[in-house]
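# Architecture and fold: a report
If you want the building blocks of each chain, they are given just below.
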Amino acid sequence: ASSSLRLDLRAREARVRRGKSWRLVTALTAREFDVLVALTLAQGRPVSREELLGVLGTDASPDAVDKAVGSLRRKLGASSRMLKTVRSAGYSVV
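Residues numbered from 1 in each chain as written. Predicted model: local features only at pLDDT ≥ 70, side-chain atom pairs only at ≥ 80, totals over all residues. Heavy atoms only, no water.

With that settled, the discussion passes to the overall build of the chain. Looking only at helices and strands, the chain has 3 helices and 5 strands in total. Going residue by residue from the N terminus, the α and β elements of the chain occur as β-β-β-α-α-α-β-β. For 94 residues, the compact-globule formula gives about 12 Å, and the C-alpha radius of gyration of the chain, at 12 Å, lands near that figure. Considered along the principal axes of its C-alpha atoms, the chain spans approximately 40 × 25 × 20 Å. The buried share of the chain, reckoned over its 94 residues, is 37%. Here the analysis covers contacts within the chain between residues at least 6 apart in sequence; of these, 49% occur between residues at least 24 apart. Of the roughly 5,600 Å² of accessible surface on the chain, 51% is carried by carbon and sulfur atoms. (Helix = DSSP H or I, 4+ residues; strand = E, 2+ residues; numbered from the N terminus. Rg over C-alpha atoms; globule rule 2.2 N^0.38 Å. Buried < 20%, exposed > 50% of the residue type's maximum accessible area, 1.4 Å probe, protein only. Contact = heavy atoms within 4.5 Å. Areas by Shrake-Rupley, 256 points an atom, 1.4 Å probe, with all protein chains shown as cover.)

Put into structure tokens, the structure is as follows:
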């Protein structure tokens, strides 16, 4: 998992390192948080869209994963470089 990311599973909050301090990533939806948790738990291993779709639930459309990752990138701002697209494999957090 990234040393620049902290997840509080109980509060369902994410924080990213900014210099010596931590900034709360605001307004994460349940789906965005669930994708971020799944990617973090994979410890750098690419997680396929199919796996992430399973995390999102049976009512999620196939493009829901890409939408959630895109939204996460916007909300993470400068820290979004930790989210990597792994060609033909899915996504990972580094």
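Inspection of every chain in the model, using the stated rule, returns 7 salt bridges. Here Asp34 ties to Arg12 by a salt bridge, and the two come within 2.7 Å at their closest N and O atoms. Within this pair, whereas Asp34 is found in helix H1 (residues 30-41), its partner Arg12 is found in the loop between strand S1 (5-8) and strand S2 (13-18), the two being separated by 22 residues in sequence. Here Asp59 and Arg31 are joined by a salt bridge, their closest N and O atoms 3.4 Å apart. With Asp59 in the loop between helix H2 (49-56) and helix H3 (64-76) and Arg31 in helix H1, this pair connects stretches of sequence that are 28 residues apart. (Salt bridge = Lys/Arg side-chain N within 4 Å of Asp/Glu carboxyl O.)

A word on the pairing of strand S3 (residues 21-25). Of the strand pairs in this sheet, S2 and S3 are connected by 5 bridges, and their pairing is antiparallel. Across the sheet, residue Val16 finds its bridge partner in S3, namely Arg23. Where S2 folds back on S3, the antiparallel hairpin that results is connected by 2 residues, among which Gly19 adopts a positive phi of roughly 70°. (Pairing = 2+ DSSP bridges.)

Another point: the packing of H2 against H3. Relative to each other, H2 and H3 sit at 85°, their axes nearing to 9 Å. Looking at the two axes, H2 sits roughly perpendicular to H3. Of the residues in H3, those touching H2 at Arg49, Leu52, Leu53 and Leu56 are Ala64, Val65 and Asp66. Residues of the contact of H2 with H3, tallied by class, amount to 5 nonpolar, no polar and 2 charged. (Axes fitted to C-alpha atoms, helices over the stretch in contact; angles between N-to-C directions. Parallel < 35°, antiparallel > 145°, perpendicular 65-115°, else oblique. Nonpolar A, V, L, I, M, F, W, Y, C, P; charged D, E, K, R; others polar.)

Formed by 26 residues in total, the largest nonpolar core has its most connected members in Val35, Leu36, Leu39 and Leu52. Mapped by element, the contributors of at least two residues to this core are S2, H1, H2, H3 and strand S5 (90-93). With near-sequence residues (within four places) excluded, Leu36 lies in contact with Leu5, Leu7, Ala14, Leu28, Leu72, Leu83 and Val93. (Core = buried A, V, L, I, M, F, W, Y, C linked by side-chain atoms within 4.5 Å.)

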